[in-house]
Amino acid sequence: MAEPFRLQTILDLSQTRMDESARALAALIASEHDQSRKLTMLEDYRKEYQDQFMAAARNGMTPGQWSNYSAFLARIDDAIGHQQQQVERSRDRAQAGQRVWLDTRTRVKAFETLSDRHQATLVKREAKAEQRVADDRSGRLVADD
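Residues numbered from 1 in each chain as written. Predicted model: local features only at pLDDT ≥ 70, side-chain atom pairs only at ≥ 80, totals over all residues. Heavy atoms only, no water.

Enquirer: How do you make sense of helix α1 (residues 8-59) when you look at a structure like this?
Expert: Taking 1.5 Å of rise per residue, the 52 residues of α1 would be expected to cover 76 Å, and the 76 Å separating its terminal C-alpha atoms lies within 8% of that figure. Directly after α1, the chain includes Gly 60, whose backbone phi takes a positive value near 95°. (Helix = DSSP H or I, 4+ residues; strand = E, 2+ residues; numbered from the N terminus. Expected span 1.5 Å × (residues − 1).)

Enquirer: Explain the packing of aromatic side chains to me, please; I cannot follow it from the model alone.
Expert: One pair of aromatic rings is described through two measures. These are the centre distance and the angle between the planes. Counted under the stated rule, the structure contains six aromatic pairs. Between the aromatic rings of Tyr 45 and Phe 72, the centroid separation amounts to 6.2 Å while the plane-to-plane angle is 85°, which identifies the pairing as edge-to-face. On the criterion of sequence distance, the pair formed by Tyr 45 in helix α1 and Phe 72 in helix α2 (residues 63-144) is long-range, its members being 27 residues apart. Residues Phe 53 and Tyr 69 carry aromatic rings whose centres are separated by 5.2 Å and whose planes lie at 40° to one another, so their mutual orientation is tilted. Highlighted residues: Phe 53 in helix α1 and Tyr 69 in helix α2, separated in sequence by 16 residues. Across this residue pair, the class does not change: Phe 53 and Tyr 69 are buried. (Phe/Tyr/Trp six-rings, centres within 6.5 Å; stacked < 30°, edge-to-face > 60°. Buried < 20%, exposed > 50% of the residue type's maximum accessible area, 1.4 Å probe, protein only.)

Enquirer: Mind showing me how you'd approach the pattern of salt bridges here?
Expert: When the charged atoms of two side chains with opposite charge come close together, those side chains can pair. According to the stated counting rule, one finds eight salt bridges in the structure shown. Among the ionic pairs, Lys 47 bridges to Asp 51, the shortest N-O distance being 3.2 Å. Highlighted residues: Lys 47 and Asp 51, both in helix α1, separated by four residues, approximately one helical turn. Since its relative accessible area comes to 53%, Lys 47 is described here as exposed. Take Asp 51: its relative accessible area is 39%, and that puts it in the partly exposed class. (Salt bridge = Lys/Arg side-chain N within 4 Å of Asp/Glu carboxyl O.)

Enquirer: Help me understand the environment of Ile 10, please; the structure alone is not making it clear to me.
Expert: The topology assignment puts Ile 10 in helix α1. Distance from Ile 10 to Arg 107, taken between C-alpha atoms, is 9.9 Å for residues 97 residues apart in sequence.

Following this line, the structure appears as structure tokens:
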């Protein structure tokens, strides 16, 4: 009877953890892309608003209009700064998630290597046993003649 791989439970658990970390990493990457997309939208909106401001300034503005445009641009700039921080945090979380996934993948690969070695050892033992049986049979056949 073949000897089972004693670390199979740990290998299975490691594979499950690797799958979970891969799913978590995918969610973190999706979040990072979402945060980056929001930042791009804010930057695009700021550029459009800046262009409107410049066009209005060329046509003449009252001091109140100038103040309103300037104040709104300052609020957009604040929102952009906040969103840039969100993007950085999201990127950091995605990088941490990638490190976790790589660590679990490395652990799985190590256990898979041990499992492969165990299987190779079993195959060698079985081949030797079959060879012994074949040698015994051929020895008996020669002795019977």
